[in-house]
Amino acid sequence: MADEKKEAKSFLDKIVESYEWTIKRLERTILFGIRFVIPNKVVSPHGFLGMLTFITFIVLGVTGALLMFYYRPSLTGAYDSVKMINDEIDFGIVIRNIHYHASNLMIFLAIYHLFYQLFSSRYKIRNEIIWVTGVILGTLTIVEAYIGYDLIMNIRAVLAINIGAALTYSTPFIGPVIADIVIGTGFDDLILRIYTLHVLIFPMIMIILFTLHFPRNLVFDPGMVGIIIGALFITSALFPVPLGDKYTPDLPAQVTVPEWYINPLYALLRTELDKFVMGVLLPTLFIMMFMVVPFIDRSKSMKITERPLALGIGISGVLQSIVTTVWGFYVDPDPRKSYVERLAIDPYLFFGVLILINIVSFGGAYLYSKYSKKSPTPPRRTRSEPINISKETIEGIVYAMVITEFFVVGVSLYMYLLGNLTFGLIATGLSLIIFGFISYGIRLITTR
Amino acid sequence: MVDRRTVLKSLFVASGIAALAPFFPLGKFLTPEAQASYPRQKVGNINDIPILGQLFVTYPKTGDPAKDNDPFRQFLIIRTGENEVKAYSRVCIHLWCLVDYQKDKDLIECPCHGSQYRKEDGYAVAGPAAKQPNRYLPILKVEIDSNGDIYAIGIEGEIGYGR
Ligand code: FES
């Protein structure tokens, strides 16, 4: 008996040994240059929005790679292959919808991340390079998503391609060169080239920039990751993305609106003023406004209310983004007017509103900071009391959640077996969300 | 009194930059259009087109349907006189629908949003195309030989953008 025990122990020891052996070797790799911090408390997700953005990037990478198995980057193949993925390939519609909604989510998270970091003044503590690469990464994310939906070659895609081409041509000096490179000799070259950009070149550049953007300490919260991806799956199941009409050169007029994240640009172009100024110069200036924040905001204070300039940029940025995005969606519904009349935006009204927004934001920020300086600083908010539930209750809830998760996973598998992808995907998402809550529950118990 | 180290360092930098120069011509790899061969290709015969009639042609023709169906290779030839034609790209400079010549209106028209172009020079006179920075349709350069055969020899302007 004693011998047996010894044997078993040595076997366990061997596993532990080889684990330590591996870790020691891994320490010599770049992986251990990054410190992953798994929070041991329930913390607000605001602190790791960047990590969530990156997780979404990974989801996009995986689903995108799978779509590459079927997508054909050619004039004749593009739309039909997307249609095939959608209608014929098992789980094709699931992969495509997740890829589409993940692109929206990534842009949303990146923008949210930017404004959170701006208002919490994180760029102050020697984070200038992280800030600048972040703004570049955000811009690349939007361009990458824009190229992605061009690849479908439906009417909406060609509208976007055409606007993109016109803007590129209108840019002095480098514009025509870039347009020649991207368009090649026509549509067939164009699709293959933007495809290469979408699946290889842009992601590569982004990954390289990640090394200049990621801080050494990364917060990784499995609970929140589960909840976000779960929510993404449920959204993908509930709102499948339509295929749109196939582009053929003789199609009659259709009023289409681009994806929401390029709506501000669309609204600017619809004022029908100079294309280059509207479509290239002003958006670049808008992005530059964020880029220079760490360099023009020299105040020592970390409190946003004491830094009117950064506060003004933040507020004006949020308001201008929202107003131009919504405006881009609005099309005069009057059917008697021509297509062009319906789309036109009155430049005086449009820029009047934008200028007003800037005056209100910067003026308001200045007045607010002046006023709030006079008032004594409010006492620091005391830490909110931890939820007053007994450990046993939480433990009970965790057990219940684990059982529910197993049940939901079962339902999900059964639904896939039946071929009901929508309910299957909803259940998959639900199980991931429950997993997230289980992780939080366990954390609540262990930190008591 | 420049010291030797500085001279050597600047020489090092200069030679590094010089070594990059040969890579610029390689950029041609990226722009097939810049060196595209626009071969002299027969696209039709003028005697097959009635006066003020039109002919749709593909140029440069490759024989590969995937390429030949490309809107960027679609052109329109209008016979304007006994021995005279006008030839333009069919890609509307507004949103890339394909235009054609309407004999009754004596204008080249786009079916999508109603842009109209003059047949004489391809200038956009109405519709959204008239608001573009470049208002002329790109031209297909043609030659007509003594038999009336029309040969395309090149393109003038940026297709989809104008000239
Ligand atoms: S595409 Fe020709 S008028 Fe719009």
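About the cut-offs
- Think of each chain on its own: its residues are numbered from 1, step by step along the sequence as written.
- All chains are assigned letters beginning with A, and all ligands numbers beginning with 1, in the order in which they are written.
- Since the coordinates come from a predicted model, pLDDT governs what is reported: local features require at least 70, and pairs of side-chain atoms require 80 or more to be given and counted, while whole-chain, interface and lining totals use all residues.
- Just so you know, side-chain values use all the structure's heavy atoms and leave hydrogens and water out.
- Segmentation into domains, and thus their bounds, comes from an automatic or database assignment.
- Should any heavy atoms of two residues lie within 4.5 Å, those residues are considered in contact.
- Accessible surface is computed with a 1.4 Å probe, and the buried area is the amount of it that two parts give up when combined, taken over both parts together.
- Salt-bridge detection follows one rule: a side-chain nitrogen of Lys or Arg within 4 Å of a carboxyl oxygen of Asp or Glu.
- Numbering of helices and strands starts at the N terminus; helices are DSSP runs of H or I of at least 4 residues and strands are runs of E of at least 2.
- A residue's pLDDT is the confidence the predictor assigns to it, expressed on a 0 to 100 scale.
- Space inside and on the surface of the protein is sampled on a 1 Å grid over the protein atoms alone, with a cavity defined as a set of points where a 1.4 Å probe fits but cannot get out and a pocket as an open set with protein on both sides within 12 Å along at least 5 of 7 lines; lining residues have an atom within 4 Å of a point.
- Grid points are joined across faces, edges and corners, and a volume is the space filled by probe spheres set on the points.
- Note that Gly is not counted as nonpolar here; it falls among the polar residues with everything else outside the nonpolar set of Ala, Val, Leu, Ile, Met, Phe, Trp, Tyr, Cys and Pro and the charged set of Asp, Glu, Lys and Arg.
- Each pair of strands is called paired provided DSSP finds at least two bridges between the two strands.
- To get an axis, a line is fitted to the C-alpha atoms, and for a helix only the part in contact is used. The angle between two axes follows their N-to-C directions and goes from 0 to 180 degrees.

Peer 1: I'd love a proper account of the domain arrangement of chain A, names of residues and values included.
Peer 2: Where interface size is quoted, it is often the accessible area lost as the parts come together. Residue and element names in this part refer to chain A. Domain parsing of chain A yields domain 1 (1-25 + 34-38 + 389-448) and domain 2 (41-256). Its C-alpha centre places domain 1 at a distance of 32 Å from the equivalent point of domain 2. On the domain 2 side, the residues contacting the 23 residues of domain 1 number 26 residues. Of the roughly 2100 Å² buried at the junction of domain 1 and domain 2 (both faces included), carbon and sulfur atoms supply 75%. The interface formed by domain 1 and domain 2 contains 1 salt bridge. Measuring nitrogen to oxygen at the nearest pair gives 2.9 Å for the salt bridge that ties Arg443 to Asp221.

Peer 1: How would you explain the interface of chain A and chain B if you had to name every residue and give the values?
Peer 2: The partner chain B presents 26 residues to the 31 residues of chain A that form the contact. Between chain A and chain B lies a buried interface of about 2600 Å² when both sides are counted; carbon and sulfur atoms form 63% of it. Its largest share of buried area at the contact with chain B, chain A owes to Asn162, Tyr169 and Thr185 of chain A, together 21% of the area lost on that side. Counting the contacts that link chain A with chain B gives 1 salt bridge. Salt-bridge contacts for Glu272 of chain A lead to Lys131 of chain B; the nearest nitrogen and oxygen are separated by 3.1 Å. At the level of secondary structure, the elements contributing two or more residues to the side of chain A that touches chain B comprise α6 (155-170), α7 (174-183), α8 (187-213) and α14 (339-343) of chain A.

Peer 1: Can you explain the confidence of the model for chain B? Please cite residues and give values.
Peer 2: Summarising the model, chain B shows a mean pLDDT of 86, and 97% of its residues fall at 70 or more. Of all the helices and strands in chain B, helix α2 (residues 65-68) of chain B carries the lowest mean pLDDT, 78, while strand β7 (residues 116-118) of chain B carries the highest, 93.

Peer 1: Describe empty space enclosed by the protein, and please don't skip the residues or the numbers.
Peer 2: One water molecule sets the probe size; rolling that probe over the atoms shows where empty space is left. Residues and elements named next belong to chain A. Per the stated rule, a full pass over the model turns up 2 cavities of 30 Å³ or more. Roughly 70 Å³ of volume is contained in the second largest cavity. Ranked by the residues each element gives to the lining of the second largest cavity, the list is headed by α6, at 4 residues. Within the lining of the second largest cavity, the residues separate by chemical class into 7 nonpolar, 5 polar and 1 charged.

Peer 1: A description of unusual backbone geometry should follow, citing residues and the corresponding values.
Peer 2: Cis geometry marks the peptide bond from Tyr59 of chain B to Pro60 of chain B, where omega comes out at -15 degrees. Mapped onto the secondary structure, Pro60 of chain B falls in the loop between β2 (54-58) and α2. At Met153 of chain A, a residue that is not glycine, the phi angle is positive and equals roughly 60 degrees. Relative to the helices and strands, Met153 of chain A resides in the loop between α5 (128-150) and α6. Phi is positive for Phe173 of chain A, close to 60 degrees, though the residue is something other than glycine. As for its placement among the helices and strands, Phe173 of chain A is situated in the loop between α6 and α7.

Peer 1: Tell me what's going on with the sheet that holds strand β6 (residues 107-109) of chain B, and back it up with residues and numbers.
Peer 2: All names here are of chain B. Pairing is antiparallel in the open sheet, where 4 strands are placed in the order β5-β6-β7-β8. Of all strands in the sheet, those with a lone pairing partner are β5 (100-102) and β8 (124-126), marking the two edges. With direction set aside, neighbouring strand axes in the sheet form an average angle of 40 degrees. Note: β6 against β7, 3 bridges, orientation antiparallel.

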